[in-house]
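What follows is each chain in one-letter form.
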Amino acid sequence: MGERCCAAVVWVLVLQAAWALSGGQVRYSVPEEAKAGTVVGRLAQDLGLEAGEAEARRLRLVAPGRRASVEVSGASGALLVSSRLDREELCGKSAPCALRLEVLLERPLRVFHVQLEVTDINDNAPVFPAARKKFSLSENSPPGFRFPLEGASDADIGANAQLAYTLSPSEHFSLDLQKSNERNVVPELVLTKSLDRETVPVHRLVLTATDGGRPSLTGTMELVISVLDANDNAPQFNQSVYKVQLPENATEGTLVTRLNATDADEGINREMIFTATSFIPPSGKDVISVNPKTGEILLTATLDFEEVSIFDFRIEATDQGTPPLSGHCRVELEVLDVNDNAPEVWVTSLSVPVPEDASLGTVVALLSVSDRDSGENGRVRCWVWPASPFGLEATFAGSYSLVLREALDRERVSEYEVEVRAEDGGAPALRASRGLRVPVSDVNDNAPSFAQAVYTVLARENNAAGAELARLWARDPDEAANGRVSYSVWDGGVGVGGGGAAAGSSSGGVGWRPASSYVSVDAESGRLWALQPLDYEELQVLQFEVRAVDAGEPPLSGNATVQLFVLDENDNAPALLPPAGSAAEAGGVAAAESALSLSGAGSESGTLWAWAAWGAPAGQVVAKIRAVDADSGYNAWLRYELWEPRGKGPFRVGLYSGEVSTARALDEADGPRQRLLIVVRDHGEPARSATATLSVSLLEAAEAALAAGSSSSSSLSAVSRSAAGVELGAGAASAATNVWLVVAICAVSSLFLLAVVLYGASRWAPRAAVLSAPGPMTLVCASEVGSWSYSQRHSRSLCVADGAAKSDLMVFSPNFPPPPPAPAAKDTQPEPSALLDTVSANTFLSSHTR
């Protein structure tokens, strides 16, 4: 600023000097924008006025028509800047800018002309018409395309108004200056490189105008160049391949994927339409649909991994430009397997029935197992339920053999319901099964078997020929011909045990006869029937073997032993035994007996004779009736009744002993002879009886002794001839009876215990085939309430199949008959000796001793 002031002062002085030389016109020059108070020139001095004269003469400035912006100082007479001087405001673009001023001086009035030139300084920067200039260029404009620009203006003049233009750096644009005249330059924007709206949609450049002042000032204008879009870009997908996975159980309407495609163009050039093409397989077009505007792919049908596991198709996006451009991508829709298929089990071959003797490892069936799923969902595990006796063996993938693991037994299980189960490895696992019916064919590997090793059959005697005795049944678990059983009686060397002999006899009975002469068995039904009536007195026990043979190849057989016990019927009446002598007791009278064989209830017999002495005391035995019954048990249990005379006679008969004794002392009033009618009756149903007539002569004691002596000697001789027993006197008979009673009781008890043990052993222990034959006899006394037995001293040997003799005792459980009604006197009770004599001819069961 100081420099400016110095320059102005110098300039004023120069003007004053020039004015003085010119003879009256003062010229001053002042730069614009000089500060108020700046001395433009010493006007009073330049006008030749003395000091103080300017104020006295009222030196003043007159500037007509405008504000002068200068004034004259009244005190000093200097021309001063009074306000802002703006050359551009005062003169505009005119050059030079000279202000003509008039200065008045009074006393005398004089007018002076003063020329004030306002010089230009570079105080104005170039100014463009607008701070921002917007225009558009098509992106397909070719390089070299020119776009004229409106230049800047500078209010200054001269060099300060000389403008130069520059353009901000740009690879696409440059600035070309064209001179419109000598003073003006017109800038033009030149396109040097093709535009790409998608790369740079708007170019922003700065055009700078610089004047020639010192220092120079600049002005700028922003050029905003919008690149107009041309449809030069096809739609682009963000992925060339879309890989999508969906489970096969995805529902319809499920979003498969949303396509993302962009078009670098704008406006209608970027609007796209999506379409799906090139489906592999072609059925894919029915599975998905594409929203043409949004590009969303939706599921329109159900998926099935087992049918199609991958869908491949292309998506085309087409813009709406002219011409339309399109972009493409590929979509791979992979269907994920879901465990929605259960395993499948198929029987490809089945070999049935399986023989029960099939060897282990025999292939019964071939199976195929598959699962339409994949991976773990399609990995199948198989097994057999129940496991025995079959198992699975894998032959190759998906194929199995059903093989035999354990031996078969058709008789235990004739048919197997086998279930082959399969389970896949999915979560949750799915299962399937296939049932197989495997019948087992029969092999003749079982012999017929009877339910019992020994059958006990009870048959009453006098049965009708052809009567059914029992039904035997042998079980053969085989089937058809292998299980068809035929029955037969085995005849090899069979004998029968007979009876009917007197007690103690070893030579009685029938000879050896085959069992088939007595019984027969139906070959098909096993019905055992009698060929002839049975006679207990001839045959008590028949033991034989029944054989059951099947029809298999080779045939198998089984045996059972049949023990046929003939039950006694009361078909024999009591029979009187031959007479026997008796010794005379001391002081007693000998009794003579005579008997005739009688049969039939109520039959008459010959007369028996006996002697009794007058005066014989009560209870003296005068005679004994001996009888026997060929039947057994109750049927052979005899009782003796005095039929005549009835009432209170001199004699009585022992109920079971048959002893005739005096009921009271005999006297002469009883007469010389007593005729007694005695009935012998068994206990059978109906009862059978025999009668005996006893004539008792009453003699004097001497006569009775003489008669007894002669009778006694004849009796002894008869005994020796006939081997008959001798009756003892009353005292001897009583002693013998007691002994035999004790022996009988002990024998019965011992044999009963032994019989129970042996019978139990024979029932539950296996036994060899035993055939019946005459052998040792065991007495069995049967009654309505049971039976009892005792062994005889003599026995018979039983012939068995292997020829060896065996000891075997066959007994019934002892059931003693109920006691008879209480007798009025002692002699009504059965005496042991009489009881033994009574049952001595009973029927026996077979007992075998060595």
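In this convention, every chain numbers its residues from 1, walking through the sequence in written order. It should be noted that, the model being predicted, local features are given only for residues of pLDDT at least 70 and side-chain atom pairs only at 80 or more, the latter also being counted only at that level, while totals for whole chains, interfaces and linings use all residues. Hydrogen atoms and water are omitted, and side-chain values are computed over all heavy atoms in the structure.

**A closer look at the overall build of the protein chain**
Put simply, the rule reads: To qualify as a helix, a DSSP run of H or I must reach at least 4 residues; to qualify as a strand, a run of E must reach at least 2; elements of each kind are numbered from the N terminus. Each residue is assigned to one of three classes by its accessible area relative to the maximum for its type, calculated with a 1.4 Å probe on protein chains only: buried under 20%, partly exposed between the two thresholds, exposed over 50%. We call two residues contacting when some pair of their heavy atoms lies within 4.5 Å. Here the open area of atoms and residues is found with the Shrake-Rupley method and a 1.4 Å probe, where only the protein chains shown may cover a residue.
A count of helical and extended segments in the protein chain gives seven helices and 54 strands. Considering the protein chain as a whole, with its 850 residues, one finds that 44% of them fall into the buried category. Across the protein chain, contacts joining residues at least 24 apart in sequence account for 69% of those joining residues at least 6 apart. By element, 54% of the accessible surface of the protein chain is carried by carbon and sulfur atoms, the whole surface being about 41700 Å².

**Description of the pattern of salt bridges**
Opposite charge on two side chains permits pairing when their charged atoms draw close. For clarity, the threshold we go by: Note on definitions: salt bridges are taken to be side-chain nitrogens of Lys or Arg within 4 Å of carboxyl oxygens of Asp or Glu.
Across all of its chains, the model carries 33 salt bridges by this definition. Across the pair Asp 442 and Arg 410 runs a salt bridge whose closest N-O atoms are separated by 3.0 Å. Taken together, the residues span a long stretch of sequence, with Asp 442 in the loop between β31 (431-441) and β32 (449-450) and Arg 410 in the loop between β29 (399-404) and β30 (415-424) at a distance of 32 residues. Both residues of the pair, Asp 442 and Arg 410, count as buried.

**Points about the state of the cysteines**
Rules: The disulfide criterion is simple: two cysteine sulfur atoms within 2.5 Å.
Scanning all chains against the criterion turns up one disulfide. Across a sulfur-sulfur distance of 1.5 Å, Cys 91 and Cys 97 are joined as a disulfide pair. Here Cys 91 and Cys 97 share a disulfide; its torsion about the S-S bond, 65°, makes the bridge right-handed. No difference in accessibility class separates Cys 91 from Cys 97, as the two residues are buried.

**Description of the environment of Leu 163**
Topologically, Leu 163 is positioned in the loop between β9 (146-148) and β10 (164-167). The sequence separation of Leu 163 and Ala 209 amounts to 46 residues, and the corresponding C-alpha distance is 6.0 Å.

**Thoughts on the nonpolar core**
As a reminder, the rule being used: We call a set of buried Ala, Val, Leu, Ile, Met, Phe, Trp, Tyr and Cys residues a nonpolar core when their side-chain atoms join them within 4.5 Å.
Phe 450, Phe 544 and Leu 564 are the most contacted members of the largest nonpolar core, which totals 28 residues. For this core, the secondary-structure elements that each account for two or more residues are β33 (454-460), β34 (468-471), β36 (485-490), β38 (519-521), β39 (527-530), β40 (539-550) and β41 (557-567). In terms of residue count, β40 provides more of this core than any other element does, five residues in total. Tyr 242, Ala 250, Val 256 and Ile 297 belong to the second largest nonpolar core, which has 27 residues in total.

**Structural notes on a nonpolar patch on the surface**
Going by this rule: Patch building starts from residues that exceed 30% relative accessible area and form no salt bridge, then joins like charges within 9 Å and nonpolar side chains (Val, Leu, Ile, Met, Phe, Trp, Tyr) within 5 Å.
Side chains of Val 347, Leu 350 and Val 352 sit close together on the surface and give an oily, nonpolar patch of about 190 Å² of accessible area. In this fold, Val 347 is placed in strand β24 (residues 344-350).

**Comments concerning unusual backbone geometry**
Residues Thr 322 and Pro 323 are joined by a peptide bond in cis, for which omega reads -5°. Here Pro 323 is to be found in the loop between β22 (310-319) and β23 (326-336). Of note, the amide linkage connecting Val 352 to Pro 353 takes the cis form, showing an omega dihedral of 0°. Inspection of the secondary structure puts Pro 353 in the loop between β24 and β25 (354-355). Here Ser 278, not a glycine, exhibits a phi torsion of approximately 55°, which is positive. Along the chain, Ser 278 falls in strand β19 (residues 272-280). Exposure remark for Ser 278: the relative accessible area of 47% places this residue in the partly exposed category.

**Let's talk about the sheet that holds β9**
Convention followed: DSSP-based pairing: two strands are paired if at least 2 bridges between them are found. A fitted line through C-alpha atoms represents every axis, and for helices the fit uses only the stretch in contact; the resulting angles, taken between N-to-C directions, go from 0 to 180 degrees.
Pairing within the open sheet is antiparallel, and its three strands lie in the order β9-β12-β11. The sheet is open, and its two edges are formed by β9 and β11 (173-179), each paired on a single side. Within this sheet the neighbouring strands show an average axis-to-axis angle of 30°, counted without direction. Across three bridges, the pairing between β9 and strand β12 (residues 185-191) is antiparallel. Each bridged residue has a counterpart across the sheet, and for Pro 148 the counterpart in β12 is Glu 188.

**Structural notes on the confidence of the model for the protein chain**
We apply this condition: Every residue is assigned a pLDDT by the predictor, reflecting its confidence on a scale from 0 to 100.
The pLDDT averaged across the protein chain works out to 77; a share of 76% of its residues lies at or above 70. Low pLDDT, under 50, characterises residues 12-23; the predicted model gives this stretch 22 contacts beyond four residues in sequence or across chains.

**A look at the packing of aromatic side chains**
What counts is decided by this rule: Aromatic pairs are defined between Phe, Tyr and Trp rings, using the six-membered ring for Trp, whenever the two ring centres lie within 6.5 Å; interplanar angles under 30 degrees are classed as stacked, those over 60 as edge-to-face, and all others as tilted.
Scanning the entire structure with this criterion turns up nine aromatic pairs. Ring geometry for Phe 390 and Tyr 416: centres 5.4 Å apart, planes at 90°, overall edge-to-face. Residue Phe 390 is found in strand β28 (residues 390-396), and its partner Tyr 416 is found in strand β30; the two are separated by 26 residues along the sequence. Phe 390 sits in the buried class, given a relative accessible area of 1%. Overall, Tyr 416 belongs to the buried group, its relative accessible area being 11%. The interplanar angle of 45° and the centroid separation of 5.3 Å between the aromatic rings of Tyr 634 and Trp 637 together place this pair among those described as tilted.

**Concerning the side chain of Ser 697**
Along the chain, Ser 697 turns up in strand β50 (residues 689-699). Judged by its relative accessible area of 9%, Ser 697 falls in the buried class. Residue contacts for Ser 697: discarding those within four places in its chain leaves Ala 610, Trp 611, Ala 612, Pro 672 and Arg 673.

**Observations concerning the sheet that holds strand β20 (residues 288-290)**
The three strands lie next to each other as β17-β21-β20, forming an open sheet whose pairing is antiparallel. Two strands bound the open sheet, and with one partner strand each, they are β17 (255-258) and β20. Taking each pair of neighbouring strands and ignoring which way they run, the sheet shows an average axis angle of 15°. Examined bridge by bridge, β20 and strand β21 (residues 296-299) share three bridges and lie antiparallel to one another. Its bridge partner lying in β21, Ser 289 is registered against Leu 298.

**What about the side chain of Arg 87?**
The condition is simple: Contacts described as polar in this section are N or O atom pairs within 3.5 Å, which, within protein, must combine one atom able to donate a hydrogen with one able to accept it, while residues neighboring in sequence count only if both atoms come from side chains.
With respect to the helices and strands, the residue Arg 87 is situated in helix α4 (residues 87-90). A polar contact is formed between the side chain of Arg 87 and the side chain of Asp 120, at a distance of 3.2 Å. With residues up to four places along the chain from it excluded, the contact list for Arg 87 reads Glu 32, Gly 92, Lys 93, Ser 94, Cys 97, Val 118, Thr 119, Asp 120, Ala 155, Asp 156 and Ile 157.

**Considerations on a negative patch on the surface**
Stated precisely, the cut-off is as follows: For this count, His and the chain ends are skipped, Lys and Arg are scored as positive, and Asp and Glu as negative. For charged residues, the charge sits on one atom: NZ in Lys, CZ in Arg, CG in Asp, CD in Glu.
Together, Asp 667, Glu 668, Glu 700 and Glu 703 make up a region of like negative charge exposed at the surface. Position of Glu 700 relative to the elements: it lies in the loop between β50 and α5 (701-722).

**Considering the environment of Leu 367**
Here Leu 367 is to be found in strand β26 (residues 363-370). Judged by relative accessible area, Leu 367 falls into the buried class, the value being 2%. Along the backbone, Leu 367 and Tyr 400 are 33 residues apart, and their C-alpha atoms lie at a distance of 5.2 Å. Residue contacts for Leu 367: discarding those within four places in its chain leaves Val 345, Trp 346, Val 347, Thr 348, Leu 392, Gly 398, Ser 399, Tyr 400, Leu 402, Val 420 and Leu 436.

**A word on the environment of Ala 481**
Its location among the elements puts Ala 481 in the loop between β35 (474-475) and β36. A C-alpha to C-alpha distance of 9.7 Å links Ala 481 and Pro 555, two positions 74 residues apart in sequence. For Ala 481, the contacting residues outside a window of four places in its chain are Asp 550, Ala 551 and Gly 552.

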